[in-house]
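Structure at a glance
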Amino acid sequence: MDKTFDPHAIEARWYPVWEERGYFAPDMGATGDPFCVMLPPPNVTGRLHMGHALDDTLQDALTRYHRMVGAPTLWQPGTDHAGIATQMLVERQVEAEGSSRHEMGREAFVDRIWQWKAESGGHITTQMRRLGASVDWSRERFTMDEGLSKAVTKVFVDLYNKGLIYRGQRLVNWDPVLHTAISDLEVENVEVDGHMWHFKYPLENGATYEYIETDADGNETFRETRDYISIATTRPETMLGDGAIAVHPEDTRYAPIVGLRCEIPVGPKGQRRLIPIITDEYPDPDFGSGAVKITGAHDFNDYEVAKRNGIPMYRLMDDSATLRTDGDRYAEAAAQAAEIVASGDTPEAMTVDAINLVPDEYRGLDRFEARKQIVAAIDADGLMITIEDKKIMQPYGDRSNAVIEPMLTNQWFADAQTLAKPAIEAVEDGRIRFIPENWSKTYFEWMRNIQDWCISRQLWWGHRIPAWYDEAGNVYVGETEAAVRDAHTLPETVRLTQDEDVLDTWFSSALWPFSTLGWPDDTEALKLFYPTNVLVTGFDIIFFWVARMIMMGMEFMDDVPFREVYIHGLVRDSEGNKMSKSKGNVLDPIDLIDGIDLESLVAKRTSGMMQPQKAAKVEKATRDEYPNGIAAHGTDALRFTFAALASYGRDIRFDLGRVEGYRNFCNKLWNAARFALMQVPDDFVPAADEAVALSTADRWIVSRLQRLEADMAAHFETYRFDLAANAIHDFIWHHFCDWYLELIKPVLSGDTSVAAKAGTRGTLVRTLETMLRLLHPLMPFITEEIWQRVAPLARGEALAETGDSISLQPYPVANEARIDAGAEAEIEWLKKVINGLRTIRGEMDIAPKQRIPVMVAQVSDADRQRLATHRAAIDFLAGVESIDELPESEIPESAVALVGDMQLRVPLAGLIDTEAELARLDKRLAKLDKDLNGVRNRLASDSFVSKAPAEVVDKARAQAAELEREHGELSEQRARIAAL
């Protein structure tokens, strides 16, 4: 083995070997229960981020574990076509070349995307290989490949024929830049500075009423005669589409005017519309004025109120969020709206949608420019009450960064309520289990309040909706145009035009668990691996992906898509903040693996930031946090960090210090392996059991290994990656390296029997080999590299010429018969003795090479026997010169350590330079006094305690407690030395 651990050379060497030799493909001849996990398909445009790295690490650990357990194991890979992201990316490339997708035409543009995908669409899968992902690449799928497209079309047609897909007009999130509906997941709500405008809506014909406010006891606190109703809004431009004013039925302030009509204070005065004042449970009497304008075509809450009360919903904007210019002039449109109010009947949706209620002077204006002009006009009419500055939540498209407009549009929808029923039951009756279980509550809350799913998108890239229209507008759904014509006996003279929309990306990914296995064909993979065992994912897509996979699995496979759903937290920065490009706190997993210099890191974090002030702030924070850039840590250290942090919780605070610590762990393991290999000859063959003698240390490490094997299996089965990481780390670092390797040195180098040496060497290599297999799912690269050297020694035979891999070896299984409680008790006693003596050496600052005399008192027969048995180890590991048993009264002034009732005493006279040690302690105590006084003065200040952040005050108190503890210990130590 090389003297130093070089992760990059090892990673570059082993991954191609694993992939080329087909180690990741399921062993169809394995006898264990099948195990399958589906990779959540990353966007084909994507780059590996910390969430991906966490998710992939946990899935890979499970996959490698189950593969080693002996199950036919499949980790199914693939990528998502990412409709919006991919179309935007390629469209920008085309525009940079001086063209546009519209100039190219749909077919040519889609061909261009396929070309991009072939040339550049595999970046994230390359990065997954860097992480050591053991997915079966031979089965890699793409949501737009031929097989998956076939599945998508069949599902759409079948659901349509069952009446579970329909086309209709509903409110959606509309992106005015991308010109498409988008899902809630693609909307980012950001708190921004905004305004709440309060306006007067005059009552019809100058009607008045007594507006009375009361306190909680019903006492009148304010009274005013009003000829208007007060309305507050953050979006004045939507007033043009108001269909009613709603108040709560128990709000007595407005009881006198319920049923009356009021005037929208916008537009030509002679044509201002009148709308009714109605009651509904939605308005909150304690918020704003308690009265709410209902604009059903541009607000999700208003939409529900409008549906309940039959209020017409008037669309005000086109697909660019510009105020409409189509239809009749405002005078005619306002008259039509007035007739609707007068009649009390709401026409069908398309009739209402054709009415353009934008006054002529505002038509064609951008919505925000219209807002300015409308507010100014209302103010000029004296109908402005006040403008309130306030923070508002503004919805932005995560791709376009445009303000999203709730818009009433014609879209394709899936009947989610019907599809959700069996999906809810599957979790209720335990066929699907969420881990941690509390996430089932989130699932139920979403599913029991589910709305119909908008499945259409106004894009060119994606699965085109298999629906055709004739010239009369009739719709026909089928897998192909030919199938439609055959099913409806339509002659060629009937011209059919396919729907221009494509399906929501989540629609195809909802079929992922069975479409990737070959459905709708009845494949062997489908029979063997469906239902899959577990889905590993973040909580943020429980509704968007997890729930929809369950719905589709129940509908088309009549079974759940997976038995368990392991939900991990989101990866946040060390301060608990969400990682985002806009905050400039993103870490790139590949940078953590390979390292990155400071200037490159700053450039990466500030790239694309439009505001110089923000870029400067991010640059300073980066330079402060990473003054030397980020060192290379290797894949294994990063993977182990993710595993160690993956506890049952919501968020993961990522600490670079942990990665550095686990890089040191890799070094520790590497050096331990080198030491072990140097203790055995190259032609070493483990001796037969009857030819060896096992020491207590040998029996102890074997016993502890059995407990570790049982713990590791239990932790993997319960998805406690953190406990698994901590258990194996503790065993390797402390039990194996710190103790076992030290305890066996006297055996291997001393005058011991051949049988003893053979027993220790055999135990050493077998423990190391077993330990590597236990660790392999979490740290695949370093374990493979070391195992290749250790396995022949542990087996007593060479590896096969065709090659062998630790990843294909059986995962260690605990043997309770090899648990040796007696040996464990012996070594625990020995560790206490050695640690006690080491503590005395450290406290007294005794030189490492100085051997110490030890006197013992209150010694039991068992202690006496153990002292004799382990004398060589005690002398070697604690630097002991002699051990004498004396009555306590005869032992001179000494430092003491207790092991049970036995006293370990080290006389201090002659071991230390008393004057020099007292001087050192006095200097340290003076420094502690100064520091302690400073902290105490801060805590005594009322200004500091009351004004400083709570965490700062708590930190100061903890610092004071630690200084006081250290001061007390050193004072006691000084007193003992001064008494010598």
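Residues numbered from 1 in each chain as written. Predicted model: local features only at pLDDT ≥ 70, side-chain atom pairs only at ≥ 80, totals over all residues. Heavy atoms only, no water.

**Structural notes on the overall build of the protein**
What counts here: A run of H or I in DSSP counts as a helix once it spans at least four residues, and a run of E counts as a strand once it spans at least two, with each numbered from the N terminus. Partly exposed residues are those whose accessible area sits between 20% and 50% of the maximum for their type, while under 20% is buried and over 50% is exposed, using a 1.4 Å probe and protein chains only. By definition, residues are in contact when any of their heavy atoms lie within 4.5 Å.
Secondary structure assignment for the protein yields 33 helices and 31 strands. Judged by the C-alpha coordinates and their principal axes, the protein covers about 115 × 75 × 55 Å. Burial status across the protein gives 54% buried among its 980 residues. By sequence separation, contacts in the protein at least 24 residues apart represent 78% of the contacts at least 6 residues apart.

**Considering the packing of helix α1 (residues 7-20) against helix α27 (residues 780-795)**
What counts, and what does not: Axis lines are fitted through C-alpha atoms, for helices just across the contact stretch, and the angle between N-to-C directions can take any value from 0 to 180 degrees. Orientation labels follow simple angle bins: below 35 degrees gives roughly parallel, above 145 gives roughly antiparallel, 65 to 115 gives roughly perpendicular, and whatever is left gives oblique. When residues are grouped by polarity, Ala, Val, Leu, Ile, Met, Phe, Trp, Tyr, Cys and Pro land in nonpolar, Asp, Glu, Lys and Arg in charged, and all others, Gly among them, in polar.
Running from N to C, α1 and α27 cross one another at 85°; their axes reach a closest spacing of 9 Å. Comparing their axes, α27 and α1 come out roughly perpendicular. Contact with α1, carried on its side by Ile10, Glu11, Arg13, Trp14, Tyr15 and Trp18, involves Pro780, Phe781, Ile782, Glu784, Glu785 and Gln788 of α27 and no other residues of that element. A per-class count over the contact of α1 with α27 returns 7 nonpolar, 1 polar and 4 charged.

**Details of the side chain of His729**
Assignment of secondary structure puts His729 in helix α25 (residues 721-749). In this structure His729 comes out as buried when scored by relative accessible area, which is 19%. Setting aside chain neighbours within four positions, we find His729 in contact with Phe640, Tyr662, Phe665 and His734.

**Re the layout of surface pockets**
The following threshold applies: Grid points spaced at 1 Å and placed over the protein atoms alone form the basis of the search, with a cavity being a set where a 1.4 Å probe fits but cannot get out and a pocket an open set showing protein on both sides within 12 Å along at least five of seven lines. Lining residues have an atom within 4 Å of a point. Grid points are joined across faces, edges and corners, and a volume is the space filled by probe spheres set on the points.
If you add up the space inside the second largest pocket, you get close to 1,100 Å³. Residue lining of the second largest pocket: 44 residues in total, with Met196, Thr233, Thr234, Arg235 and Asp299 positioned closest to the centre. Where the lining of the second largest pocket is concerned, the elements lending two or more residues are β7 (187-202), β10 (228-233), β14 (291-294), α8 (300-309), α11 (367-380), β15 (384-397) and β16 (405-414). Here the lining of the second largest pocket gets 8 residues from one element, more than from any other, and that element is β7. When grouped by side-chain class, the residues that make up the lining of the second largest pocket number 17 nonpolar, 15 polar and 12 charged.

**Re the pairing of β16**
Let me state the cut-off plainly: The pairing criterion is simple: DSSP has to find at least two bridges between the two strands.
Of all 10 residues in β16, 9 are buried, a share of seventy percent or more. With 10 bridges connecting them, strand β5 (residues 165-175) and β16 associate as antiparallel partners. Within β16, the position partnered with Arg167 by the bridge is Trp412. Direction of pairing for β16 relative to strand β18 (residues 453-454): antiparallel, over a ladder of 2 bridges. Directly across from Ala414, in β18, lies its bridge partner Trp453.

**Some thoughts on the pairing of β10**
For β10, the buried fraction is high: 5 of the 6 residues fall into the buried class. Pairing of β7 with β10, which is carried by 6 bridges, proceeds in the antiparallel orientation. Its bridge partner lying in β10, Tyr201 is registered against Ile229.

**Here's the deal with the packing of helix α24 (residues 696-717) against helix α26 (residues 754-775)**
When two helices pack together, their arrangement is given by the angle between their axes and by how far apart the axes lie. Counted only if it meets this: It is the rotation of the near helix from the far one that decides the hand of a crossing: anticlockwise by less than a right angle makes it left-handed, clockwise makes it right-handed.
α26 packs onto α24 with a crossing angle of 15° between their chain directions and a minimal axis gap of 10 Å. Here α26 runs roughly parallel to α24, going by the angle between their axes. For the pair α24 and α26, the sense of crossing is left-handed. On α26, the residues touching Asp698, Ile701, Val702, Leu705, Leu708, Glu709 and Met712 of α24 are Gly759, Thr760, Thr763, Thr767, Thr770 and Leu774. Residues belonging to the contact of α24 with α26 are distributed by class as follows: 6 nonpolar, 5 polar and 2 charged.

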